[in-house]
Amino acid sequence: MDHFLYKDGQLHAEDVPIAEIAAEVGTPFYCYSTATLTRHYRLFDEALQGMDHLVCYAMKAASNQAILKTLAALGAGMDVVSGGEYARARAAGVPGDRIVFSGVGKTREEMQAALAGGIRQFNVESEPEMAALSAVASEMGTKAPITIRVNPDVDAKTHAKIATGKSENKFGIPISRAKEVYALAASLPGLDVVGIDVHIGSQITELEPYAQAYRKVAEVTEMLRAEGHDIRRLDLGGGLGIPYTRSNEAPPLPTEYGALIREELGHLGCEIEIEPGRLVAGNAGIMVSRVIYVKSGEGRDFLILDGAMNDLIRPAMYDAHHDIIPVMEPAAGVEQQPFDIVGPVCESGDTFAKQRLMPPLAEGDLVAFRSAGAYGAVMSSEYNTRPLIPEVLVNEHQFAVIRARPTFDEIINRDTIPAWL
Ligand SMILES: *Cc1c(COP(=O)(O)O)cnc(C)c1O
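Residues numbered from 1 in each chain as written. Predicted model: local features only at pLDDT ≥ 70, side-chain atom pairs only at ≥ 80, totals over all residues. Heavy atoms only, no water.

Chemist: Can you walk me through the overall build of the protein chain in this structure?
Modeler: Across its full length, the protein chain carries 12 helices and 21 strands. In terms of overall dimensions, the protein chain has C-alpha extents of about 70 × 60 × 40 Å along its principal axes. Carbon together with sulfur atoms contributes 51% to the accessible area of the protein chain, which is approximately 17800 Å² in total. Here the protein chain holds 38 positive side-chain charges and 57 negative ones, and the gap between their average locations is 3 Å. (Helix = DSSP H or I, 4+ residues; strand = E, 2+ residues; numbered from the N terminus. Areas by Shrake-Rupley, 256 points an atom, 1.4 Å probe, with all protein chains shown as cover. Lys, Arg positive; Asp, Glu negative; His and termini not counted. Charge placed at Lys NZ, Arg CZ, Asp CG, Glu CD.)

So this is what it looks like as structure tokens:
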């Protein structure tokens, strides 16, 4: 459920007409709903009620300071994957003891910054990383709290580019090697082993892969405890999928996911962490764009928009589907027509949809890409020197620009000319 609905014949974000934001901010832009972000965070939090838990929002999905502050105020922790994200989380007021640090390639500088600033735990992914982290922590006269990410070798049944839990993926250590890797971790002076981490992928639309993975985590927990390790925390990753179109079957709800966690892992008495990103932010954001031209081609018609692949790369990168709807509500029963919906960038990959049925649209009309809140703005670039598009946050009847569109001068002045030119 989200808060982007037609009211009085036009699309609103909560109580604000999208056309009003477009008139003030210009197009294209991203627009997020505070109510939807809040609702999604709470669904996860409530799904784990009764268990000692922390929902660590995977901020790589959407990391604007205003979004982080909105979630942090509700009590959210953060899952960060870089020193930059760690700095962003801290700048948004998230305390270090609510931040977990994931990723296969943490540098020594990133480890140092997180240890100095405060960290809940590092989710460590390899033996060389363990050695580096132990050395960094020891030099600083401290111990780094860690979980070790195990790769359970399950098929998350999602797009290959976002599956992370198969043995051929670069993530984690093979679960079959857990015993020896935990023994090594326990022997390193700068590490404090607190638990186990697992994350099997993204846009997962069935519970079965989770059940398989979490069953393996339960077995490993018991095995490691028998070996003498104090396994007291389980980080279960993120990845729960969202409905990208209303016609598809709905993926499992956070409530059902929470029930599964309770069933598979509740008896272990561990503190539970989860790292949802897409489900918190995805349907809490839309990208709004304007039709520049309606072009008739040979055998097909094109809607050429002012938004492009550099603004929303998911269709080009993952063949992702986004529902695209007119901002002015079409009359009931109006005849639809197939269009290829494209941006202005000089690449054939700059295609959002092929032969998509749309109601009649004309130059200047506004359209909204639904479900664009996660992996949208954060993956955008300035390819073709198209400025990063603004982000707007709505809260009931108010809206605010939470990242402004840079001017051409600001973009150009980021470059510097060497003295010899
Ligand atoms: C990307 C990622 C997540 C979030 O995945 P979603 O599909 O957005 O929920 C969580 N944990 C880790 C380690 C990740 O890399």
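Continuing now.
Chemist: Honestly, helix H4 (residues 83–91) in this entry has me stumped. Any pointers?
Modeler: Along an α-helix, residues three or four apart share an orientation, since each turn contains 3.6 residues. Residues of H4 that are buried include every one of Glu85, Tyr86 and Ala89, and no others. Projected down its long axis, H4 shows its buried positions confined to an angular sector of 105 degrees, all on one face. Where H4 is buried, its residues meet helix H3 (65–73), strand E6 (77–80), strand E7 (99–101) and helix H5 (108–117). Directly after H4, the chain includes Gly93, whose backbone phi takes a positive value near 90 degrees. (Buried < 20%, exposed > 50% of the residue type's maximum accessible area, 1.4 Å probe, protein only. Arc of directions from axis to C-beta. Contact = heavy atoms within 4.5 Å.)

Chemist: In this structure, what is going on with the layout of surface pockets? I would like to understand it.
Modeler: Unfilled space is identified by rolling a water-sized probe across the atoms. Here the largest pocket is characterised by a volume of approximately 560 Å³. Looking at the largest pocket, it is lined by 27 residues, and the ones nearest its centre are Lys60, Val81, Thr164, Phe171 and His199. Looking at the lining of the largest pocket residue by residue, the class counts come to 9 nonpolar, 9 polar and 9 charged. Per-domain counts for the lining of the largest pocket show at least three residues from each of domain 1 (4–31 + 282–412) and domain 2 (103–274). (1 Å grid on protein atoms, 1.4 Å probe; cavity = no way out; pocket = protein on both sides within 12 Å on 5 of 7 lines; lining within 4 Å. Points joined across faces, edges and corners; volume = space filled by probe spheres on them. Nonpolar A, V, L, I, M, F, W, Y, C, P; charged D, E, K, R; others polar. Domains from an automatic or database assignment.)

Chemist: Looking at this structure, I do not really get the site of the ligand. What am I missing?
Modeler: Around the ligand, the structure places 14 residues, and the nearest of them are Lys60, Ser202, Glu275, Arg278 and Tyr375. Between the ligand and Lys60, the relevant distance is 2.7 Å, taken from an oxygen atom to a side-chain nitrogen or oxygen of the residue. Within the complex, the protein chains bury 93% of what would otherwise be the 390 Å² of accessible surface of the ligand. In this structure, the ligand is accommodated by the largest pocket. When the residues that make up the shell around the ligand are grouped by side-chain class, the tally is 3 nonpolar, 6 polar and 5 charged. (Near = heavy atom within 4 Å. Polar contact = N/O pair within 3.5 Å; in protein donor to acceptor, adjacent residues only side chain to side chain. Sits in = over half its atoms within 2 Å of the grid points.)

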